[in-house]
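# Coordinate inspection notes
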Amino acid sequence: MTRFWVNERHLNMADHSAKHLIIGGGIIGCSVAYHLARSGEKDVVLLEKAALTEGATWHAAGLVGQLRSSRNTTRMLQRSVAMYDRLESETGLNCDWKKTGSLRLAASKDRMLETRRLATMARSFDLEMNLITPDEAKALFPYIETQGLEGAAFIPSDGHVDPASLCQSIAAGARQQGAQLKQGVEVLDFTVTGGRITAVKTTDGIYEAETITIATGMWSRELGAKLGLKIPACAVEHQYIVTEPIPDFPAGLPTLRDPDRLVYYKPDAGGRLVIGGYEDNTQPFGDDGIPGAFVRQLLPENLDRFMPLAEQAGIVTPVVNTVGIRQIINGPIPYSADGDFVMGPVPDFDNLMLATGFLYGIAAGGGAGEMIAEWLLEGRPSLDLWPLDNRRFGAHHGTRAFMYPRAVEHYAHHYKMRYPGDESHVARNLRLSPLHERLSANGAVWGSKNGWERPLWFAPEGVAPVDQLDFLAPGWKKFAAHEHKAVREAVALIDQTSFSKFELLGPGALQAIQRLAVSNMDKPVGAVIYTQLCNSGGGIEADVTITRLGENHFYIITGAGFGVHDSDWIRRNLPRDGRAILSEVTSGFAVINICGPKARDVLARVTENDISNAAFPFASSRNIVIGAATVRAVRIGYVGELGWELHIPTEFARHVYDLLKEAGAPAGIRDVGYRAIDSLRMEKGYLYWSAEITPDYTPFQAGLGGRVHFKTGGDFIGRAALQAQKAQGEEQRLCCFTALGDLPLYGGETILLDGKVVSLVTSAAFGHSVGQCIMFGYLPVDMAGATEFELEAFGERYPITRVDAPLYDPENIRLKA
């Protein structure tokens, strides 16, 4: 496995040395130190500029909830709970951890649908979550007003904790295992040599270390700037109140969340309630720099801003109208550009790890520290954490113009209803395809991916180009169905300019790409190879299409959101002799995918070249002339139809688009968006990295074993592990399932066999050509022979059938014609 750090000392004139240096003494930094030391690592040193907990940890509310939209994020938070369960017995310190469960109320019909969906996800994630009645909720939390409630959910293994005590307990455990936690030591600057931090300048002298982890919460952005980084972590103001004691306050109350009324509750010592929430108009903190030392400080209270939440709390729990407010807490809390954590290695640095941006750091602290420790020691965590990976961000995410408006928006929507497919509305129109104006005029409904505006679907004349979202019957589906039909029956254009595009060049490029890819890359110039880049365990780190442009010249295409991650993986595994250089060329090319059974007819009308199957076979690339533009045409696609991806010099894109639209008008050519792509690719059995294929799964498990070339491929990363798996057989296998009717499926639903949970849905869509709902999910091999299963979605059970994929055009007749 390619490790995150290089196991060697770069000796400096240092005053101190460490194997692992952690910057930041909040709960995350202390947890990283704890888990490294618990793993047997020596020379673990943590530096905190003030005292432990005195950033944001000390004033956190202290709720510990586990369920999140990602299975592995939920598993990580379950590890936090497991750690908190054992911590007192390990350290001898009481951290005031109370495993009293959590209640979630539903005060609207749509919220109850969302709650049912969450309960289904929890079942898939092996987390107990019980749907209960309003009266049952009141029995658990007697202060609730049940009028207007549709229902509730209860997670018995959630709880609450005193954040400062928890952090001190974790710190004590780290010290007991041999870690050094130094307080009153501020990091001032860094020395970087050859992509490696070789010295850390502090008020305590110079430190050198093999790995450096930045766990400095709201200070991460300023610290990162010293390294030339735009770390997408920030802070916003967050308020909560502590009530005066409530008479006859019952022991063992669970925490409570009412997302319809935007408020949460935590029982506090002395019979009090902590009540907070997420209002519309919070303020960013530190956007112009964090003022002064800001040690154990709070911000001026803003009762006017909190009053709407207080009024809602008075409706949810009328008792709070009869007790006074003991204290108002207004403190900055960590946030990020998309509201989730910022974890993982930093591109272009060999020994730098991030562990920051933790909105719910108390809930995540234990598990996040364990994952970061694994990342440092093993090169990757035992759980694929792509939704939290720092490399999901581009450079624009860390800018003030993007990060703070997004953080404020995400904060305001923390509890608000978000239907599947909902998009952010601020910091938009940053990266625009040259076709943007054309597509807007044609009714494009826009989504955003890594800053790119991308068409989701197209509104016909008379329909407002506004997304139509719903849990059960989203309005966009009928319009995407027409686009799907155009691809299958006629011809369509898809703007895929947002693809991340790279070129690998140099005398060592072939050798390097053979080392990275599981497929044989030594194909003729013009060959197009769909392949996977694996880690040493055989897990899929990247899923890419590579075109050979020359003997040592390769053109690499990956998804719009994966460019930073995939390029970082490639660069970390290139030889250090400079004989192969990776360059990003995303902005240099627009991409138009022309696809459908009439695609050749339309393309032939505008090109000077022979594009017959004999002259231009499947999985090949040629430069062709369209109008006045020379275009790199790549005969491959993601929708399962005859087609070409046309990689066009950006300035010629509108010219080419206009010619294709005019030539295709007699054939009924249509613009198509990304919602239709999803149904098309699932009918064809095409997979999506971060859903079906991740570092948790190998090509053999994903049904991509045919891409692994042991005989003709190189000594690629993961070869030994994949050879062993092929010989011994895989333990799990990706399967395809179908159901009658257009079920409301979005991924994460539960798959059952004989009433027992056996898997979850990785992706789902309605196949408009086959007339069935299609799902993918992994099964243990000994179950993969069964055909009749059940699916749970929104709390309802449906029969589903395991079938062989692909469902559409299995003979690939048109695709290769």
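Residues numbered from 1 in each chain as written. Predicted model: local features only at pLDDT ≥ 70, side-chain atom pairs only at ≥ 80, totals over all residues. Heavy atoms only, no water.

Structurally, Ser 157 is set in the loop between strand E6 (151-155) and strand E7 (159-160). A polar contact is formed between the side chain of Ser 157 and the side chain of Gln 66, at a distance of 2.8 Å. (Helix = DSSP H or I, 4+ residues; strand = E, 2+ residues; numbered from the N terminus. Polar contact = N/O pair within 3.5 Å; in protein donor to acceptor, adjacent residues only side chain to side chain.)

Once that is clear, we can look at the pattern of salt bridges. Pairing between side chains of opposite charge can happen when their charged atoms approach one another. On inspection of all chains with the given rule, the structure shows 42 salt bridges. The partner of Glu 370 in a salt bridge is Arg 79, with the nearest N and O atoms 3.0 Å apart. Of this pair, Glu 370 sits in helix H8 (residues 361-378) while Arg 79 is found in helix H2 (residues 71-91), placing the two residues 291 residues apart along the sequence. With its nearest N and O atoms 2.8 Å apart, the salt bridge here joins Asp 85 to Lys 99. (Salt bridge = Lys/Arg side-chain N within 4 Å of Asp/Glu carboxyl O.)

In this section: the sheet that holds strand E23 (residues 500-505). Strand pairing in a sheet is mediated by backbone hydrogen bonds. Such pairs are either parallel or antiparallel. With respect to topology, 5 strands assemble into an open sheet ordered E24-E25-E26-E23-E27, the strand pairing being antiparallel. Strand pairing shows two members of the sheet lacking a second neighbour, strand E24 (528-534) and strand E27 (581-584), which therefore form its edges. The mean angle between the axes of side-by-side strands here comes to 30°, regardless of whether they run parallel or antiparallel. As paired elements, E23 and strand E26 (residues 553-558) share 6 bridges and run antiparallel to each other. Its bridge partner being in E26, Leu 504 is matched across the sheet by Phe 554. (Pairing = 2+ DSSP bridges. Axes fitted to C-alpha atoms, helices over the stretch in contact; angles between N-to-C directions.)

A few words on the nonpolar core. Core analysis: the biggest nonpolar cluster contains 124 residues, and Met 76 and Met 343 have the highest contact counts within it. The element best represented in this core is H8, accounting for 10 residues. With residues up to four places along the chain from it excluded, the contact list for Met 343 reads Met 76, Leu 354, Phe 358, Ala 368, Met 371, Ile 372, Trp 375, Leu 385, Leu 388, Asp 389 and Asn 390. Listed in part, the 32 residues of the second largest apolar core include Phe 458, Ile 611, Ile 626 and Leu 646. (Core = buried A, V, L, I, M, F, W, Y, C linked by side-chain atoms within 4.5 Å. Buried < 20%, exposed > 50% of the residue type's maximum accessible area, 1.4 Å probe, protein only. Contact = heavy atoms within 4.5 Å.)

For Arg 71, the location among the structural elements is in helix H2. By relative accessible area, which is 23% here, Arg 71 ends up partly exposed. Residues contacting Arg 71, with those up to four places away along its chain left out, are Phe 125, Tyr 697 and Leu 760. Only 3.0 Å separates the side chain of Arg 71 from the side chain of Tyr 697, close enough to count as a polar contact.

Using the criterion set out here, one finds 0 disulfides in the structure. Of all cysteine sulfurs in the structure, the one in Cys 167 sits closest to Cys 30, which takes part in no disulfide; the separation is 3.8 Å. The cysteine Cys 773 is free of any disulfide, with Cys 736 supplying the nearest cysteine sulfur at 10 Å. (Disulfide = S-S within 2.5 Å.)

Over the atoms, a rolled probe matching the size of one water molecule traces out where space is still vacant. One number sums up the size of the second largest pocket: a volume of about 540 Å³. Around the second largest pocket, the lining comprises 28 residues; the ones closest to its centre are Pro 347, Phe 393, Gly 394, Ala 395 and Val 564. The biggest single contributor to the lining of the second largest pocket is helix H13 (residues 563-572), with 4 residues. Residue classes in the lining of the second largest pocket are distributed as 13 nonpolar, 9 polar and 6 charged. (1 Å grid on protein atoms, 1.4 Å probe; cavity = no way out; pocket = protein on both sides within 12 Å on 5 of 7 lines; lining within 4 Å. Points joined across faces, edges and corners; volume = space filled by probe spheres on them. Nonpolar A, V, L, I, M, F, W, Y, C, P; charged D, E, K, R; others polar.)

In this chain, Ala 805 is followed by Pro 806 through a cis amide linkage whose omega measures 0°. With respect to the element layout, Pro 806 can be found in the segment after strand E39 (796-803). In the Ramachandran plot, Asp 43 falls in the positive-phi region, its phi being about 55° despite a non-glycine side chain. We note that Phe 794 has phi near 50°; this positive angle belongs to a residue other than glycine. The residue Phe 794 is located in the loop between strand E38 (788-793) and E39 in this model. Classification of Phe 794 as buried rests on a relative accessible area of 6%.

Turning next to the environment of Gly 706. Take Gly 706: it is sitting in the loop between helix H16 (674-683) and helix H17 (719-728). The class of Gly 706 is exposed, set by a relative accessible area of 60%.

With 13 residues, helix H9 (residues 400-412) should cover 18 Å at 1.5 Å per step; its first-to-last C-alpha distance of 18 Å lies within 8% of that length. Buried residues dominate H9, accounting for 10 of its 13 residues. For H9, the complete set of buried residues consists of Phe 402, Met 403, Tyr 404, Arg 406, Ala 407, Val 408, Glu 409, His 410, Tyr 411 and Ala 412. Its buried side turned inward, H9 meets helix H6 (220-225), strand E12 (233-243), strand E15 (272-277), strand E16 (284-285), strand E17 (325-336) and strand E20 (444-449). (Expected span 1.5 Å × (residues − 1).)

Moving on to the side chain of Thr 531. Mapped onto the secondary structure, Thr 531 falls in strand E24. Among the polar contacts listed, one links the side chain of Thr 531 to the side chain of Ser 519, at a separation of 2.8 Å. Beyond its immediate chain neighbours, meaning those up to four positions away, Thr 531 contacts Ala 517, Val 518, Ser 519, Met 521, Ala 542, Asp 543, Val 544 and Ile 546.

Residues of the protein chain with pLDDT of at least 70 account for 98%, and the chain-wide mean is 96. Here residues 1-12 is a poorly scored stretch, pLDDT under 50, and it has 43 contacts once near neighbours within four places are set aside; other chains count. (pLDDT = per-residue confidence, 0-100.)

With that settled, consider the packing of helix H14 (residues 599-606) against helix H15 (residues 653-664). Where H14 contacts H15, the axes come no closer than 9 Å and their chain directions differ by 120°. The pairing of H14 with H15 is recorded here as oblique in orientation. With respect to the hand of their crossing, H14 and H15 are arranged in right-handed fashion. Residues Val 602, Leu 603, Arg 605 and Val 606 of H14 pack against Leu 659, Leu 660, Ala 663 and Gly 664 of H15. Considering only residue class, the contact of H14 with H15 consists of 6 nonpolar, 1 polar and 1 charged. (Parallel < 35°, antiparallel > 145°, perpendicular 65-115°, else oblique. Left-handed = near helix turned anticlockwise from the far one by under 90°.)

For the rest of this paragraph, the subject is the sheet that holds strand E29 (residues 621-626). One open sheet accounts for 6 strands, arranged E29-E30-E31-E28-E22-E32; its pairing is mixed. Looking along the sheet, the strands with just one partner apiece sit at the ends: E29 and strand E32 (670-671). Bridge analysis of strand E30 (residues 629-634) against strand E31 (residues 643-649) gives 3 bridges, and the strand direction is antiparallel. Looking across to E31, one finds that Arg 632 is bridged to His 647.

Residue position: Lys 98 is located in the loop between H2 and strand E4 (102-106). The exposure class assigned to Lys 98 is partly exposed, which follows from its relative accessible area of 35%. Once the C-alpha coordinates of Lys 98 and Asp 696 are considered, the two residues, 598 residues apart in sequence, prove to be 33 Å apart. Those residues in contact with Lys 98, other than ones at most four positions away along the chain, are Asp 158, Gly 159 and His 160. A polar atom in the side chain of Lys 98 sits 2.2 Å from the side chain of Asp 96.

As defined by bridge partners, E29 adjoins E30 across 6 bridges and the pair is classed as antiparallel. Paired with Ser 621 across the strands is Val 634, a residue of E30. Where E29 hands over to E30, the hairpin turn is made up of 2 residues, of which Gly 627 adopts a positive phi near 60°.

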